[in-house]
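If you want the building blocks of each chain, they are given just below.
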Amino acid sequence: MGRLPLVRYRVKRWHNGQLRAIRTPLHMPMFDPSLLGRLSFTHAEPTKGPLPPGRNHLGIATERDAVLFVPTGLDDHAPVPLFVMFHGAGGFPEKVLPFIEEHAERNKFLILAPHSMYATWDIVIGGNGPDLERLQQALVEVTSHYPIDRDHLAFAGFSDGASYALSTGITNGDIASHVIAFSGGFMTIFTQEGAPKVFIAHGLVDEQLPIDTSGRANAARLQAAGYDVQYVEFNGLHVIQPVIVGMAVEFFLK
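The paragraphs below set out a description of the structure included in this document.

The rules behind each value
- Residues numbered from 1 in each chain as written.
- Predicted model: local features only at pLDDT ≥ 70, side-chain atom pairs only at ≥ 80, totals over all residues.
- Heavy atoms only, no water.
- Salt bridge = Lys/Arg side-chain N within 4 Å of Asp/Glu carboxyl O.
- Helix = DSSP H or I, 4+ residues; strand = E, 2+ residues; numbered from the N terminus.
- Buried < 20%, exposed > 50% of the residue type's maximum accessible area, 1.4 Å probe, protein only.
- Pairing = 2+ DSSP bridges.
- Axes fitted to C-alpha atoms, helices over the stretch in contact; angles between N-to-C directions.
- Contact = heavy atoms within 4.5 Å.
- Phe/Tyr/Trp six-rings, centres within 6.5 Å; stacked < 30°, edge-to-face > 60°.

A few words now on the pattern of salt bridges. Two side chains bearing opposite charge may form a pair once their charged atoms approach each other closely. Considering all chains together, one arrives at 7 salt bridges under this definition. Between Arg-55 and Glu-101 there is a salt bridge, and its shortest N-O distance comes to 2.6 Å. Residue Arg-55 is found in strand 3 (residues 54-57), and its partner Glu-101 is found in helix 1 (residues 93-107); the two are separated by 46 residues along the sequence. By relative accessible area, which is 40% here, Arg-55 ends up partly exposed.

So, in structure tokens, the structure goes:
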């Protein structure tokens, strides 16, 4: 696997809701891996019972909590695929869940929909921080209820959520088996692990994130680094296209 060129040379630390730049070179061993976007999550055997079908708040936060969608008729003992879906800027879990739920119900996989702490994801604002910590907590909580199929764990998202999925998924490719970006803008990557399969879709007339500098550029960069990339262009604006979602889910489950 080729190495992606770093897009930033300083890391920013969140402290009491504010960002502080850390000017130490990235190669210094004193770095907390989370500052580079690394999750410390590891799979574990479930210690709690399954959750009821439908949308369940995970209780990791009193406000802006993560939501887990559980399909009906799920085998509680067999490893189950997990589709993590990050909303766009100004969004929330209930805004993106309807695009995925029918697929989860039909194909029997879980959907984890985190909620950004602020109007958009921390990495878009300037650095890994509270959203990465909450993602860690949400993954731990999900795996306390269900055994997860490690070969089918996707980080996916729309718009800023897609940028977050690309950045966090490539950084944690030893956790995410698939990375799915619907109309994403950029990637912020300090370090790479694993080799997740990547699906990128972008509208030809995207009025917010031009395709040449976002979708096409991201796909080309990842392909050049040796990632397995499925890239799809569609004749549309900056929206989630149901037919594209269907293609992404098929990509995820095969």
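The rest of the description comes next.
In this section: the sheet that holds strand 10 (residues 229-234). Taken together, the 8 strands give an open sheet; going across it, the order is 3-4-6-5-7-8-9-10, and neighbouring strands pair in mixed fashion. Looking at the sheet topology across the chains shown, the edges are occupied by strand 3 and strand 10. On average, each strand axis in the sheet is inclined to that of its neighbour by 15°, with strand direction left out of account. The strands touched by helix 5 (residues 215-224) are strand 9 (197-203) and strand 10; relative to strand 10, the strand with the most contacts, the crossing angle is about 165°.

A few words now on the packing of aromatic side chains. For the structure shown, the criterion picks out 9 aromatic pairs. Aromatic pair Phe-86 and Tyr-164: ring centres 4.9 Å apart, planes at 75°, arrangement edge-to-face. One end of the pair, Phe-86, is in strand 5 (residues 80-86); the other, Tyr-164, is in helix 4 (residues 160-171), with 78 residues separating them in the sequence. Among the residues examined, Phe-86 registers a relative accessible area of 0% and is labelled buried. Centre to centre, the rings of Trp-121 and Tyr-164 are 5.0 Å apart; their planes meet at 25°, and the pair counts as stacked. With a gap of 43 residues between them, Trp-121 in the loop between strand 6 (110-113) and helix 2 (122-125) and Tyr-164 in helix 4 connect regions that are remote in the sequence. For the pair Trp-121 and Tyr-164, one class covers both residues: buried. Among the aromatic residues, those joined into a ring-pair cluster are Phe-86, Trp-121, Phe-155 and Tyr-164.

With respect to burial, strand 8 (residues 178-182) is a largely interior element, 5 of its 5 residues being buried. Side chains His-178, Ile-180 and Phe-182 of strand 8 all project onto a buried face; the interleaved residues Val-179 and Ala-181 project onto the opposite face, where all are buried too. In this sheet, strand 8 lies alongside strand 7 (residues 148-158) in parallel orientation, the contact comprising 5 bridges. For Gly-157, the partnering residue across the bridge sits in strand 8 and is Ala-181.

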